[in-house]
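If you want the building blocks of each chain, they are given just below.
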Amino acid sequence: MFQHFGDPGKMKDYHYTGPVEHKFSPYAFNGGTVLAVAGEDFAIVASDTRLSEGYSIHSRDSPKCYKLTDTTVIGCSGFHGDCLTLTKIIDARLKMYKHSNNKTMTSGAIAAMLSTILYSRRFFPYYVYNIIGGLDEEGKGAVYSFDPVGSYQRDTYKAGGSASAMLQPLLDNQIGFKNMEGVEHVPLTKDKAVQLVKDVFISAAERDVYTGDALRVCVITKEGINEETIPLRKD
Amino acid sequence: MALQDICNFQSVFEDRLTTEYPAVPHGKKIASNYVSGLPFSNNKSLFHFYIPVAEYLDESPIQFGQISTVQNCSAVSSEDPFLTSSSLPTCLPFASSQSVPLPFPMAHGTTTLAFMFQGGVMAAADTRSSCSGLVACPASQKILPIHSHLVGLTSGTSADCALWKRILARELRLYQLRHGRRLSTSGAAKLLSHMLHPFKGTELCVAATLCGWDGGEVDDGCDYHGGTETGPGSRGETTKNQMTEQKNFVDSTNAKVSLAKDERFSFSQQCSIRKKMNLSGPRLFYVCSDGTRLRGMLFSVGSGSPYAYSILDQGVHWGLTVDEAKSIAREAVYRATYRDAYSGNCVDMYHITSKGWTRRNREDLKEEYYREKERRKHEKTERRDVAFSD
């Protein structure tokens, strides 16, 4: 300890060791969490509305659910720039499909199309974690979760974004009844699902700094899409 | 290229030529892309579509604002042919040495295995899809059926595997429609290997095992199966062993071709008979995105493969019954999931016979683990009883 006073000009191990090159990264992480749950005849897509970057919050009102058709909502979190472009591309492709085939795209078809759109950028991916929630052709709830390069599959529930690692085990337990013994598998009703989603986001906002401000819940039923906004922690 | 049709990829070599254009015809290139962007007017791809952009956005964002020793100007990099790429739908997936470092990890890590036996081909895989530490999906499907008699096991990045399987399925279907017969497993493996070749050196990671049953089309079979007899070094050993094994099998158990008859024929005719015998039957090929294409009797791929190999090498032989094969495959995946962190959850099993593939119900290995624990406990108490009784 004393030698530090003896030779003041000398560089220590923990001091600056030389110039560091920072490469420009075309990506940024804007935070946010998205969640989707599929029920028997409904689907729920929920997201928080905070847009952050590093230590700053850019906006408290930037929801991450985007309505695609009357029966499909997509939630995109990750890099906001890529989210915007991706949703624009999907909207354009939906219109093209509608004009050439004279019908709206089904949830499954949108999911397959999104997979090819994402994979077309395999070597410079869209930094977006997507989850599509909607009703399939039979009217049952469907959730499709994606990775940034286009691998997807159909699930019953999925969380994506910054707090996904915290929320997914909770959903496994509460909706999938996993990792529990001797529990009755009660099918999920719409109201219970909405309540669960709200509770789960409140928990996420407590523990994840990038999640908070407000929660936007879109409930998709055959009657249409119903949106609700609930406030969350703002700190 | 198949991939460009589905996902709007341009072939890598094509791009190197087109990017030789100087800056001005950029405008022209854009115009022509716009015209060809309409879905019906373009025979190249249905997915080719275009968003009009300002010129500067055509430059690769990797180069934007960077001072590099190669070029003097930073933003206007249109003189630089190699790195000019649009970051929009007409994106070129070239293998640049200065590739963008990804901010997220890809899904990797698995155990898949497949082996041939007298009852066909048995394929098994775990269902865990991990993403550097996080289990992205505990119930993913790694065995993807391609058509009724061909199944592919995937290992590597899940997005790559899913898309390439899709492309392969489409190409095989087109072949079937054009030629009136199914492409053999060997042909499918070659097709996949050739489709993956332009992406060698990129970060594409596909390690697929194709398991199939080839139908009994005898006619022109000799041509494309001739290669296996005098195959290159890497495949020579496995195929030769396989040939002799199959021949022994054929000789000993197949009543149709009697030994005496075989001996009377000349060697070349024996070869052709052998070829005819081998034309229909189970097939197993391993294709990798680095260019490997191997034919064999037993393959295991993935991070858990060493553990699976030890179980399989111990027990797999040609004469297994279907139940024995199922239990050995299950045991191998179970042991691999036990030891490998990146494999786990459930095991999927597919059995391919001349009638096609059949899928066994997905089985949760947690049950197996508890069963084994019970067994061990039972054995321990038994041993203790025996010790005390002495």
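Keep in mind it's a predicted model, so treat the numbers as computed, not measured.

### Regarding the overall build of chain B
And step 1. What chain B contains, in helices and strands, is twelve helices and twelve strands.
And step 2. With 390 residues in all, chain B has 49% of them scored as buried.
And step 3. Of the contacts formed within chain B by residues at least 6 apart in sequence, a portion of 68% connects residues at least 24 apart.

### So, the sheet that holds strand β6 (residues 150–153) of chain B
Residue and element names in this part refer to chain B.
And step 1. Reading across the sheet, the five strands line up as β5-β6-β7-β8-β9 and stay open at both edges, with antiparallel pairing between neighbours. Of all the strands in the sheet, just β5 (143–147) and β9 (293–295) have a single pairing partner and so form its edges. Direction aside, neighbouring strands of the sheet carry axes that sit 20° apart on average.
And step 2. Examined bridge by bridge, β5 and β6 share four bridges and lie antiparallel to one another. When the bridges of β6 are listed, His147 appears paired with Leu150.
And step 3. Across the sheet, helix α5 (residues 185–196) is in contact with β6, β7 (207–214), β8 (281–288) and β9; its angle to β8 comes to roughly 10°.

### A look at the environment of Lys103(A)
And step 1. As for its position among the elements, Lys103(A) is in the loop between α2 (80–101) and α3 (107–119).
And step 2. A relative accessible area of 46% places Lys103(A) in the partly exposed class.

### Thoughts on the side chain of Ser120(A)
Residue and element names in this part refer to chain A.
And step 1. Looking at the element boundaries, Ser120 is found in the loop between α3 and β7 (128–135).
And step 2. Ser120 sits in the buried class, given a relative accessible area of 11%.
And step 3. At a separation of 2.7 Å, a polar atom in the side chain of Ser120 contacts the main-chain carbonyl oxygen of Ile117.

### Some words on unusual backbone geometry
Residues and elements named next belong to chain A.
And step 1. Despite not being glycine, Phe177 shows a phi value in the positive range, around 50°.
And step 2. In this fold, Phe177 is placed in the loop between α4 (164–174) and α5 (190–207).
And step 3. Exposure remark for Phe177: the relative accessible area of 18% places this residue in the buried category.
And step 4. The phi torsion at Asp213 lies on the positive side, around 75°, for a residue other than glycine.
And step 5. Assignment of secondary structure puts Asp213 in the loop between α5 and β11 (214–221).
And step 6. Residue classification places Asp213 among the buried residues on the basis of a relative accessible area of 2%.

### Re α4(A)
And step 1. Among the residues of α4(A), Ser164(A), Leu167(A), Gln168(A), Leu171(A) and Asp172(A) are the ones counted as buried. With its buried residues spanning 140° around the axis, α4(A) presents them on a single face.

### Some words on the pairing of β6(B)
Residue and element names in this part refer to chain B.
And step 1. Side chains Leu150 and Gly152 of β6 all project onto a buried face; the interleaved residues Val151 and Leu153 project onto the opposite face, where all are buried too.
And step 2. Where β5 folds back onto β6 in an antiparallel hairpin, the turn is made up of two residues.
And step 3. Across four bridges, β6 lies against β7 in antiparallel orientation. Considered in β7, the bridge of Val151 is made with Cys211.

### Re the packing of α4(A) against α5(A)
Residue and element names in this part refer to chain A.
And step 1. In contact at an axis separation of 10 Å, α4 and α5 are set at 150° when each is read in the N-to-C sense. With respect to their mutual orientation, α4 and α5 come out roughly antiparallel. The element α4 and its partner α5 pack so that their crossing is right-handed. Across from Met166, Leu167, Leu170, Leu171 and Gln174 in α4, the residues of α5 making contact are Leu196, Val200, Ala204 and Arg207.
And step 2. Split by residue class, the contact of α4 with α5 holds seven nonpolar, one polar and one charged.

About the cut-offs
The residue count restarts for each chain, going from 1 along the sequence in the order it is written. All chains are assigned letters beginning with A, and all ligands numbers beginning with 1, in the order in which they are written. Confidence filtering applies because this is a predicted model: local features only for residues at pLDDT of at least 70, side-chain atom pairs given and counted only at 80 or more, and all residues used for totals across whole chains, interfaces and linings. For side-chain calculations, the full set of non-hydrogen atoms in the structure is used, while hydrogens and water are omitted. Each helix corresponds to a stretch of at least 4 residues labelled H or I by DSSP, and each strand to a stretch of at least 2 residues labelled E; elements are numbered beginning at the N terminus. Only protein chains enter the area calculation, which uses a 1.4 Å probe; residues under 20% of their type maximum are buried, those over 50% are exposed, and those in between are partly exposed. Contacts: residue pairs with any heavy atoms within 4.5 Å of one another. Strands pair, by our definition, only if DSSP identifies at least two bridges between them. Helix axes use the C-alpha atoms of the stretch in contact, all axes being lines fitted to C-alpha atoms, and the angles between their N-to-C directions lie in the range 0 to 180 degrees. Under the rule applied, a polar contact is a pair of N or O atoms within 3.5 Å (in protein, one hydrogen donor and one hydrogen acceptor; residues adjacent in sequence only if both atoms are side-chain atoms). In this context, the arc is that of the directions from the helix axis out to the C-beta atoms. Our angle categories are set so that under 35 degrees counts as roughly parallel, over 145 as roughly antiparallel, 65 to 115 as roughly perpendicular, and the remainder as oblique. Each helix crossing is assigned a hand: it is left-handed if the near helix lies turned anticlockwise from the far helix by less than a right angle, otherwise right-handed if that turn is clockwise. Each residue is assigned to one of three groups, with Ala, Val, Leu, Ile, Met, Phe, Trp, Tyr, Cys and Pro labelled nonpolar, Asp, Glu, Lys and Arg labelled charged, and all others, Gly among them, labelled polar.

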